[in-house]
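# Per-entry structural report
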Number of protein chains: 2
Amino acid sequence: MQKLTIAVDAMGGDVGPHVTVPAVAQALNYYPHLHVTLIGDKHFINSLLIEHQISQHPRLEFVHSSQVVSANDKPITALRSRKQSSMRLALDLVHQQQADACVSAGNTGALMAMAKVVLKLLPGIERPALVTHLPEENGQGSLLLDLGANSSCDSEVLMQFAVMGASLAESVWGLTKPRVALLNIGEEQIKGNDVVKQTAQLLENSSAINYIGFVEGNQIFSGKADVIVCDGFVGNIALKTAEGVSQLILAKLKKQFDVNWFARFILKLFLPSLKSQLKQLNPDQYNGASLLGLRGIVIKSHGHADEKAFLQAIHQAVAEIQQQVPGRITDKLESLLIDKH
Amino acid sequence: MQKLTIAVDAMGGDVGPHVTVPAVAQALNYYPHLHVTLIGDKHFINSLLIEHQISQHPRLEFVHSSQVVSANDKPITALRSRKQSSMRLALDLVHQQQADACVSAGNTGALMAMAKVVLKLLPGIERPALVTHLPEENGQGSLLLDLGANSSCDSEVLMQFAVMGASLAESVWGLTKPRVALLNIGEEQIKGNDVVKQTAQLLENSSAINYIGFVEGNQIFSGKADVIVCDGFVGNIALKTAEGVSQLILAKLKKQFDVNWFARFILKLFLPSLKSQLKQLNPDQYNGASLLGLRGIVIKSHGHADEKAFLQAIHQAVAEIQQQVPGRITDKLESLLIDKH
């Protein structure tokens, strides 16, 4: 197997090195050919490297950086004044081809803005998109994009999202003709706003995409489509609404079983496996949203990811390197252009 | 108490008279001053009136109509070719002031188009909005609008939605200063698309509305706001996503308890009250979406509402008549105009 190098922003996320360092230690253990360049503040990290027994690891390189991008930094601030931050240095390593991918749990807006400037967009892509994996009852689930990188999009941009989503589904899941759908407020052709209708037209006329039509909000978790395309405003609202409902239901369940000693006993008995079932709905389980459309691989972990979830983001990075996702997107875009001519 | 008259479209919905007739029988029983005009096909309805012992009810009037609006009728078809339908006749009765409100479980698009043409919009309102009640863990929940009447809206229209939502919260819940929020992809001022930002500006400058800022998708069910405003595309996606997640979780729960005889026994023991807890998340529990902004009261019931849910829609109609919701919206719009000058 070829050598793989991932640059990890050690300082990103709510917990920072206390999550990223042990996750990296696990990843090094799991992948015998993985090299990691860890970027962060040595004052926080050195003792953690020792604690997790990777301070002398032959496949770990450590780069000190005392600057961090904070959760409140605006994208423009991050771009102008965080050029020595752990996040920026991780992206720089990908740009300089010293790393094949980078992983960060830091500020999403800043990561997207920096990635766009440092790595540049793939030819034919106007906007990057944030994509994540949604679970479903039976089967592999669906990819949903965009999740908030672009709060309004025209039909050409949505078309590019379809191409990027299909490329990811093909490469990471090995699907030959992933089913691509548009998120809409009805299944009939007359439903939706102008942008969605125009995008449907573009997708119908394309032989490069296996377009299956519209899906509604209640079908996001049904596995009806492999790739679901929408603008970042709608995608963000859908994903966060799902999160809110899950929390409300869990609260209701707990209340339900809090009526008498017998019920509480039952809950104690079943709660662990119940939680593990519900965890499949937890975004952390599918942690590792990809920032697609760039000349390089960038994986965004949730800010509140724990060690296991951050490791999941590293797995996603490894899979995308092995499947050469950016190259596949470019190939698919080219076949679309051939369609047009 | 004053005399109340509600026109009920007996034929609307997946089940039609088998749901609407018994619900009407219950409503007549519940409200001693309620008069109902029931419109539908006598061949289906006569025997049901006898079965539910309301064929000779002194406060029930029956109007025969053999035409129905089907679920597949386009709004334009409904407008042009369904002028004798039970839905249209129910709206006509409101327009002719022979009924104070109408309730239908029929085709939403057709109902909205017909209501707009028959009843006309209130002065100062550009578009009607569909609003529903969302549950939350503790407390009365929130009103969410629009739910699909308008797939794209400018800031003036969203502002009118805020006024209509606040008026409804004041009148039906008796709140003096309902907290109004905009649904957005972040809580910070810089987040969101141009329309949302412009609407925020309008709301901040208005003394007639108690504007509290942005809420995100995961806060829809948190009770943080009494009224949550968004365009119909986003509102529809959010509501249907919530429905999809609830279904997925219920399926997972059932699976969870399907491991051995003991677990199945426990599930049997707890399922009824568990379902009743989860039912609070069921839109039917809060059935009766109001179509606001019209010169008359129109309540849309879910197409798949059962008897209890359809009765809920009648309750909503009664409450809106008693609180004179359209008049309150007009008053609030006027105080907004005073704001401007």
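As annotated in an unreviewed UniProt entry, chain A carries the name Phosphate acyltransferase and comes from Agarivorans albus MKT 106. Recorded in UniProt under Sequence similarities (unreviewed entry), the annotation for chain A is "Belongs to the PlsX family."

Next up on the list: the domain arrangement of chain A. Residue and element names in this part refer to chain A. For chain A, the domain assignment lists domain 1 (1-124 + 293-324) and domain 2 (126-286). Relative placement of domain 1 and domain 2: their C-alpha centres are 26 Å apart. With 16 residues of domain 1 at the interface, the matching set in domain 2 holds 15 residues. Taking both partners together, domain 1 and domain 2 bury about 1300 Å²; carbon and sulfur atoms supply 65% of that area. Summed over the three residues of domain 1 that lose the most area to domain 2, namely Met112, His302 and Gln323, the buried surface amounts to 29% of that side. There are zero salt bridges connecting domain 1 and domain 2. Among the elements of the structure, α5 (108-119) and α10 (307-322) are those that each provide at least two residues to the side of domain 1 that touches domain 2. Ranked by the residues each element gives to the side of domain 1 that touches domain 2, the list is headed by α10, at four residues. Of the residues that constitute the side of domain 1 that touches domain 2, the class distribution is five nonpolar, eight polar and three charged.

Residue and element names in this part refer to chain B. Structurally, the position occupied by Asn150 is in the loop between β6 (142-145) and α6 (155-173). Between the C-alpha atom of Asn150 and that of Arg127, which follows or precedes it by 23 residues, the distance is 7.6 Å. In this structure Asn150 touches Arg127, Pro128, Ala129, Phe161, Asp231, Gly232 and Phe233, once residues within four positions along its chain are discounted.

Turning to the pattern of salt bridges, a few remarks are in order. All names here are of chain A. Counted by the stated rule, this structure contains ten salt bridges over all chains. Asp226 is paired through a salt bridge with Arg179; the nearest N and O atoms lie 2.8 Å apart. Placement of the pair is Asp226 in the loop between β8 (210-215) and β9 (227-229) and Arg179 in strand β7 (residues 179-183), with a sequence separation of 47 residues. Residue class for Arg179 comes out partly exposed when judged on its relative accessible area of 30%.

Basis of the calculations
Residues numbered from 1 in each chain as written. Chains lettered and ligands numbered in written order. Predicted model: local features only at pLDDT ≥ 70, side-chain atom pairs only at ≥ 80, totals over all residues. Heavy atoms only, no water. UniProt positions renumbered as here; feature names shortened; annotations may be inferred. Domains from an automatic or database assignment. Contact = heavy atoms within 4.5 Å. Buried area = accessible area lost by both parts, 1.4 Å probe. Salt bridge = Lys/Arg side-chain N within 4 Å of Asp/Glu carboxyl O. Helix = DSSP H or I, 4+ residues; strand = E, 2+ residues; numbered from the N terminus. Nonpolar A, V, L, I, M, F, W, Y, C, P; charged D, E, K, R; others polar. Buried < 20%, exposed > 50% of the residue type's maximum accessible area, 1.4 Å probe, protein only.

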